[in-house]
Amino acid sequence: MARPSQILVMTTFSLGLLVACRGVPARPAAVPAEAQWAGEGRRGVFLKVGTHQGTLWQLEVWDRKGKVLGAGPFRLRGFAKAEIVPDEVLAWENGALQLKDGTWLVPEKP
C-alpha cells in the first residue's frame, strides 16, 4: 500500500499533467482571481460570470495575455441556461462566446 506522502506527490503530479495537457495558461496580473479558464487551446479565454436576468448575462472576458475581449451584458442565443459553467465554453469567436451545445453568448447592443 502506498504511503500518504506518495499519494500526495502522485496526486499533485497528476493534476499538474492534467492542467498542462489542457493548455491552461498562467493567469496574467490583469485577470482577477474569480475568472476561470474556459475553452480549449488558442480559442480559450479567462471568463468571469456575473449575475443574469432572463437571457442577459454579465460577463467579463480576457485573452490568455490579460487583454479584455469583452465586458458587460451578453445575450444568450440558443438553449436556456440556469448558469454558465466554464467547462461548457468551446471558444471566443468573433466577439462572442460559443458553448459546446451550440449556444452563443453575444454582446448586447446598448
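Computed from a prediction, not measured in an experiment: that's the story for all the values here. (Residues numbered from 1 in each chain as written. Predicted model: local features only at pLDDT ≥ 70, side-chain atom pairs only at ≥ 80, totals over all residues. Heavy atoms only, no water.)

**Focus on the confidence of the model for the chain**
Thinking step 1. When pLDDT is averaged across the chain, the result is 85; 80% of the residues are at 70 or more.
Thinking step 2. In the model, residues 14–21 has pLDDT below 50 throughout and makes one contact with residues more than four positions away in sequence or in other chains. (pLDDT = per-residue confidence, 0-100. Contact = heavy atoms within 4.5 Å.)

**Comments concerning the environment of Ala71**
Thinking step 1. Positionally, Ala71 belongs in strand β4 (residues 68–77).
Thinking step 2. Placed 36 residues apart in sequence, Ala71 and Pro107 show a C-alpha to C-alpha distance of 8.2 Å.
Thinking step 3. Discounting chain neighbours no more than four positions away, the residues touching Ala71 are Leu59 and Glu60. (Helix = DSSP H or I, 4+ residues; strand = E, 2+ residues; numbered from the N terminus.)

**A word on the pairing of strand β3 (residues 56–62)**
Thinking step 1. Direction of pairing for strand β2 (residues 45–53) relative to β3: antiparallel, over a ladder of six bridges. Following the sheet pairing, Val49 is matched in β3 by Leu59.
Thinking step 2. Once β2 ends, the chain turns through two residues before running back antiparallel as β3, passing Gly54 with a positive phi of about 65°.
Thinking step 3. Sheet topology places β3 next to β4; seven bridges connect them, and they run antiparallel. Directly across from Glu60, in β4, lies its bridge partner Ala71.
Thinking step 4. Where β3 folds back on β4, the antiparallel hairpin that results is connected by five residues, among which Gly66 adopts a positive phi of roughly 95°. (Pairing = 2+ DSSP bridges.)

**Description of the pattern of salt bridges**
Two side chains that carry opposite charge are able to pair once their charged atoms sit near each other.
Thinking step 1. A full pass over the atoms with the stated rule returns seven salt bridges.
Thinking step 2. A salt bridge links Glu40 to Lys100, with the shortest nitrogen-to-oxygen separation between them at 3.5 Å. Of this pair, Glu40 sits in the loop between β1 (36–38) and β2 while Lys100 is found in the loop between β6 (96–99) and β7 (104–107), placing the two residues 60 residues apart along the sequence.
Thinking step 3. Judged by relative accessible area, Glu40 falls into the partly exposed class, the value being 47%.
Thinking step 4. Its relative accessible area of 48% is what places Lys100 among the partly exposed residues.
Thinking step 5. The partner of Lys81 in a salt bridge is Glu88, and the shortest N-O contact between them spans 3.9 Å.
Thinking step 6. By relative accessible area, which is 26% here, Glu88 ends up partly exposed.
Thinking step 7. A single salt-bridge network, built from bridges that share partners, covers Glu34, Lys48 and Glu60. (Salt bridge = Lys/Arg side-chain N within 4 Å of Asp/Glu carboxyl O. Buried < 20%, exposed > 50% of the residue type's maximum accessible area, 1.4 Å probe, protein only.)

**Some points on the sheet that holds β4**
Thinking step 1. Taking strand neighbours across the sheet as the criterion, the seven strands line up as β1-β2-β3-β4-β7-β6-β5 in an open arrangement whose pairing is antiparallel. Edge strands, defined here as strands with exactly one partner in the open sheet, are β1 and β5 (89–93). Taken pair by pair, the neighbouring strands of this sheet meet at an average axis angle of 35°, ignoring direction.
Thinking step 2. Relative to β6, β5 runs antiparallel, the two being bridged by four bridges. Bridged to Glu93 within β6 is Ala96. (Axes fitted to C-alpha atoms, helices over the stretch in contact; angles between N-to-C directions.)

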